[in-house]
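# Reading the structure
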Amino acid sequence: MIDRLKEHRYKIAVVVSLSILAFSFLVVLTYSKFHATFATDDSARVAFFLGDRFKTVNLLDEEIAPGETKEIPIEVSNWKGTQRIETSMRYIINLEEMGSLPLTYTLTKSNQSIDFTSKQVEGTMSVGSAQTENYLLKISWPEDFKDASHANELKAVRLKLQAEQID
């Protein structure tokens, strides 16, 4: 038996090599069949988005005194002129304050009071129609806090609007 293997070793080596080559072609063809069936979908949505991701506005550029109330209108919309966003949008209105003046804040949306104790409110807008959300931020300094301890106090109040696509 060993003599027969030694005598035909070149034939066996050729047969084994051809078998390996045939098997590798089979694997390549099978792999390419599955690989070729995978294709990217061209229905990915590329959307028009109007917002800068963040918008920050300083609110108390003017002085405020005890007993005064300042009203700041806030408008969030999903359109500008003839352009309209093509995806759903989530927005966050956030109020940041620095300083120690005894100011109170109330936020209303369409003349209905909103819970604004966390100084943050979120909303969404869907695709399809032009939408506008109107808010009114009231900053008040209560009449009770008239004492001189608040004289020359600095107060910075910043309103931050963050918008992002959700679709």
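The preceding data block contains the structure.
This section reports on the structure supplied with the text.

Calculation notes
- Residues numbered from 1 in each chain as written.
- Predicted model: local features only at pLDDT ≥ 70, side-chain atom pairs only at ≥ 80, totals over all residues.
- Heavy atoms only, no water.
- Helix = DSSP H or I, 4+ residues; strand = E, 2+ residues; numbered from the N terminus.
- Buried < 20%, exposed > 50% of the residue type's maximum accessible area, 1.4 Å probe, protein only.
- Contact = heavy atoms within 4.5 Å.
- Areas by Shrake-Rupley, 256 points an atom, 1.4 Å probe, with all protein chains shown as cover.
- Core = buried A, V, L, I, M, F, W, Y, C linked by side-chain atoms within 4.5 Å.
- Pairing = 2+ DSSP bridges.
- Axes fitted to C-alpha atoms, helices over the stretch in contact; angles between N-to-C directions.

### Points about the overall build of the chain
In terms of regular secondary structure, the chain is built from two helices and 10 strands. Secondary structure elements of the chain, listed N to C terminal, follow the sequence α-α-β-β-β-β-β-β-β-β-β-β. Per-residue burial over the chain gives 23% buried out of 167 residues. The long-range fraction of contacts in the chain, counting pairs at least 24 apart against all pairs at least 6 apart in sequence, stands at 86%. Entry remark: accessible area of the chain is about 12,400 Å², with carbon and sulfur atoms responsible for 55%.

### Description of unusual backbone geometry
Even without glycine at this site, Asn-111 takes up a positive phi of about 65 degrees. The backbone phi angle of Lys-119 is positive, close to 60 degrees, even though this residue is not glycine. Within the element layout of this structure, Lys-119 appears in the loop between strand S7 (112–114) and strand S8 (120–125).

### Some remarks on the nonpolar core
By size, the foremost hydrophobic cluster in this structure holds 23 residues, and its most contacted members are Ile-74, Val-76, Ile-93, Leu-103, Tyr-105, Leu-137 and Ile-139. Put simply, the parts of the chain that give this core at least two residues each are strand S2 (69–77), strand S5 (89–99), strand S6 (104–109), S8, strand S9 (132–140) and strand S10 (155–165).

### Some thoughts on the sheet that holds S7
Spatial strand order, S2-S9-S6-S7: four strands in an open sheet with antiparallel pairing. Only two strands of the sheet have a single neighbouring strand rather than two, namely S2 and S7. Put simply, the sheet's adjacent strands are angled 30 degrees from each other on average, direction ignored. Pairing geometry for S6 and S7, over three bridges, is antiparallel. If you follow Lys-109 over to S7, its bridge partner there is Gln-112.

### A look at the environment of Glu-71
The residue Glu-71 is located in strand S2 in this model. Residues Glu-71 and Leu-107 lie 36 residues apart in sequence; the distance between their C-alpha atoms is 9.7 Å. Ignoring sequence-local partners within four residues, the contact set of Glu-71 consists of Leu-136, Leu-137 and Lys-138.

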